[in-house]
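Structural features, examined
Single-letter residue listing:
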Amino acid sequence: MSTDIWAWVHDTHQQLAEAGHRRLADAIYELPGHANEGRNDQLDAVYPEAVAAARALGLPWVEVYLRHWRMQNLLNKRHQGEQALPEAVDLLEFAHREETAGCPQSVCVVQDFAICHARVDGPGYVPERLAVLSETLERIEPARACFDCLSREYSDALEDDGRPAEALSHLDTAAARMQSAGQRLSLHFHHSRAGTLHLLGRHEDVLALLDTAEQAERGRGREIDESDRRWGAVLRARALASLGRTDEALALLPSLADAERHADIRAAWTATVELLVAAGARENDAELGAALAGWVGYLDGTGSHRPCVDLLLAAGRLAVARDARTIALTLAAFGERKLSRLRRTDGVAEQVARLRADAEALPVPELPVPAAELSAYLGEAQVPYEAGADLLAAALDEYRGEPAGATGLALDLAAVLGGLGHARAAADLLWDRLDADPASEGLTAMLGSALIDAGDDEGIRRLADRITGTNPSGGHWIRARWAAAESRWADVVEQCEAILALHPDRINTRRLAAAAATELGDHVAAQRYYQELLEHALPAEGTPDEQRHRTVQEPDLWHLITAATVNRDWATVRSTGALIGMEFDEAEGPVDEEWHIVTVRATRTNGATADLPAVRTGPATARILPVLGDDLTLNHGDVVVFAPALLEEPPGEDAPEEERRRHRPVFGLLTLLDPAGYTTYWIDGGWPGDEAWARLREELGQAGYAVWAYSGEQYSVTDPTDEDEVLPGIYAAVGVPPTERAADADALLRRLTAAWPHPPAWLDLARAAGTDTARHEEIIERYGL
């Protein structure tokens, strides 16, 4: 099989588009980009509909293709391991059935299978990885792109087996075979080879290889994409740090925030940071420790057991280096538990034991005050978190006072551990304390929060079941919060209703129920919850601080306004608005005023966001200005309801005046309220000049149409009199009002553009109008549109 995968993709895209399956056709082009660039939200938005369409149309090859690219994202960008293993195994079986074995993407599924097992336990699955990769490499030609990918996976397996020299030899042999077959080596192949050279200590060769590989890419006219630039920067920084060139390494190393956003660089990034810290070139602080702890927890949750252990060992070494005894011991204990999830523990078990020994060798701090006074002292003295954790742990170890005192220390230590990214350790501590002090509501509440932060659904069920007998509402509240964390909004409402049946005066319960009802689109229920909240709230004056959450907060009023707006309860909108100082032009009826320009952030059908300018018409409404395409469910003139929370902070007072003047508040779309009914058609062609364009806009507006130009000054079209020359172009959307037919719009545009020196095309509108399309097809051909 030597089918060119991208030729197949091109042909399949064209066939689907011509058959009217535009969404699936677009997904075939878009999915690899989303997968490789880590655009996870967009992939998650496109994938379910696309794979369902492929199945419905009976296209197993397309299904293999879509599932493979999703797996590439899950494994390489989200670093899923055991979490993705069932899909990896099922996809391998599906891709080798009779109806799919010929698909050019089926071979790539072997790579998914190998990567997934590497995430679970690379060294532990070396024999299986080498076997499946070897068998596949033997039956495919070196000219195929997948030979590059599978060769890299084979090399990775050898590295996991402690054989980097063999890995390099394998890569070099594969490279020679591919080049002899006329196949260019991918930049990813060179990155893989750079990683192997690093393991062999050949750091100067790493730098030379990366420079040569990137120059070759640019020499072929290919720009290095953001993901490859980022990965190249990490590899260079690691090599430079290994050579002691720390200033250069620091200049290249992506920021902590970048590593937070991109899980694929975290392992190499952390290794580089360890080198820089050892050289005294980078600070080793609690912020770094908290970030690493969060990443360790993430890998634990995805079932990437071996990468999790490797990362926690690095985090533990750094904790020891900064004398963070409790954090280092916490990581050692976590490592000891994780060893049971690995098939192969030689080498790594010794590292975990070494971490335990190094942590225990750190000095136990002496308490500056009696244990009963420690919590107050830590706050007054503003003791750093990690030092505070060591003091609290020491106090708990030697405390001999009343259980309540020990419980207070345990709560404080759990709060510190949670704040430093160790939610699971905090939960373990609280479980132990709860057995000694089962009546403590504070323990129960904090344990519930820790379990939710740790993503421990089994622990949450255990806690809820434990307390339900004596505190039914407490059990419901834990279940409600966990359901909210997992976006199970119907379950949230169910649990909150159970609480309110027992305690009708609960305020936070109504806030959570209202938020869940809003997510479900049940705005009638949301309004009812907020109005009941106002009825049951305590007065603002005279309520002690610890009960302030039971008073009405300004966000409660905004949320009530929003829900009432969706429900068209304008009397409630006005009365609630008056509570926060709003004035309206009219005393009754719908609120439809003209306030100021805002930005409404909506989601496209492919998962990408779109920031739409709109005129704010009321407290929670806005009228959309641009004419929009079919990748959005909105259009010009539509009145929408937006959520009240600002999505972006406005510029500060120290920002430049121009920036503050141009700033528009950004709100998230909640729902469509009043559709205007416009239909969008596109016009494309040569620029007619400012005067002619202004006249077209004016006359279209007077006729009730709308127009929105999308092209900028750089847009050009081919000059039909000289194909080597270009003309300024215009690409715009015309919004046809619901009172007009497509034929009316076609005739109007013909009249308004009749005198233009270069006639524009509007092929889709002509088809809808039933008029002759040959004219538009000719214009498209002549002007290269």
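One can find the structure itself at the top, above this paragraph.
Reference entry: report on the structure contained in this document. Because the structure is predicted, anything quoted here is derived from the model rather than measured. (Residues numbered from 1 in each chain as written. Predicted model: local features only at pLDDT ≥ 70, side-chain atom pairs only at ≥ 80, totals over all residues. Heavy atoms only, no water.)

1. Regarding the overall build of the protein chain
On a plain count of helices and strands, the protein chain comes out with 36 helices and nine strands. For the protein chain, the spread of C-alpha atoms along the three principal axes comes to 95 × 80 × 55 Å. Long-range pairs, those at least 24 residues apart, make up 59% of the contacts in the protein chain between residues at least 6 apart in sequence. For the protein chain, the exposed area adds up to about 36500 Å²; of that, 48% sits on carbon and sulfur atoms. Across the protein chain, 74 positive and 128 negative side-chain charges occur, with their mean positions spaced 3 Å apart. (Helix = DSSP H or I, 4+ residues; strand = E, 2+ residues; numbered from the N terminus. Contact = heavy atoms within 4.5 Å. Areas by Shrake-Rupley, 256 points an atom, 1.4 Å probe, with all protein chains shown as cover. Lys, Arg positive; Asp, Glu negative; His and termini not counted. Charge placed at Lys NZ, Arg CZ, Asp CG, Glu CD.)

2. Thoughts on the pairing of strand β5 (residues 666-674)
Pairing geometry for strand β1 (residues 597-603) and β5, over three bridges, is parallel. Residue pairing in the sheet places Thr599 in a bridge with Val666 of β5. Both strand β4 (residues 639-646) and β5 contribute to a ladder of five bridges, which runs antiparallel. What sits directly across from Leu646, in β5, is Phe667. (Pairing = 2+ DSSP bridges.)

3. Some details on the nonpolar core
The nonpolar side chains of a soluble globular protein tend to be buried, and buried together. Counting residues in hydrophobic clusters, the biggest one holds 87 residues, and the most contacted among them are Trp269, Trp295, Leu374, Leu447 and Leu463. At nine residues, the largest contribution of residues to this core is made by helix α17 (residues 305-321). Formed by 39 residues, the second largest nonpolar core is a distinct cluster that contains Ala84, Leu137, Leu150 and Leu158. (Core = buried A, V, L, I, M, F, W, Y, C linked by side-chain atoms within 4.5 Å. Buried < 20%, exposed > 50% of the residue type's maximum accessible area, 1.4 Å probe, protein only.)

4. Some words on unusual backbone geometry
The phi dihedral of Gln382 is positive, around 50°, even though this residue is not glycine. Its relative accessible area of 68% is what places Gln382 among the exposed residues.

5. What about the pattern of salt bridges?
Oppositely charged side chains may form a pair once their charged atoms are brought near each other. By the definition in use, this model includes 60 salt bridges. In this structure, Arg236 engages Asp211 in a salt bridge whose closest nitrogen and oxygen atoms are separated by 2.9 Å. In this pair, Arg236 is assigned in helix α12 (residues 226-242) and Asp211 in helix α11 (residues 203-219), connecting sequence segments 25 residues apart. A salt bridge links Glu248 to Arg245, with the shortest nitrogen-to-oxygen separation between them at 2.8 Å. Taken together, the shared-partner salt bridges connect Arg55, Glu63, Arg67, Glu87 and Asp90 into one network. (Salt bridge = Lys/Arg side-chain N within 4 Å of Asp/Glu carboxyl O.)

6. Digging into a negative patch on the surface
Among the surface-exposed residues, Asp722, Glu723, Asp724, Glu725 and Glu781 lie close enough to one another that they form a single negatively charged patch. Element by element, the count of residues in the negative patch is highest for strand β9 (residues 722-736), at four residues. Considering the arrangement of structural elements, one finds Glu723 in strand β9. For Glu723, a relative accessible area of 71% translates into the label exposed. (Patch = residues over 30% accessible without salt bridge, like charges linked within 9 Å, V, L, I, M, F, W, Y side chains within 5 Å.)

7. Quick look at the packing of helix α15 (residues 266-278) against helix α16 (residues 286-302)
Interhelical geometry of α15 versus α16 gives an angle of 150° and a closest axis separation of 12 Å. It follows that α15 is roughly antiparallel to α16 by the angle criterion. As α15 runs across α16, the sense of the crossing is left-handed. Between α15 and α16, the residues in contact are Arg266, Trp269, Thr270 and Val273 and Leu288, Leu292, Trp295 and Tyr298, respectively. By residue class, the composition of the contact of α15 with α16 is six nonpolar, one polar and one charged. (Axes fitted to C-alpha atoms, helices over the stretch in contact; angles between N-to-C directions. Parallel < 35°, antiparallel > 145°, perpendicular 65-115°, else oblique. Left-handed = near helix turned anticlockwise from the far one by under 90°. Nonpolar A, V, L, I, M, F, W, Y, C, P; charged D, E, K, R; others polar.)

8. Focus on the sheet that holds β1
The mixed closed barrel is built from five strands, whose spatial order is β1-β2-β3-β4-β5. Pairwise comparison of adjacent strand axes, ignoring direction, gives a mean angle of 55° for this sheet. Looking at chain direction, β1 and strand β2 (residues 609-616) are connected through seven bridges and run antiparallel. Bridge pairing links Thr599 to Pro613 in β2.

Without other data, these values stay purely geometric and don't point to any function.
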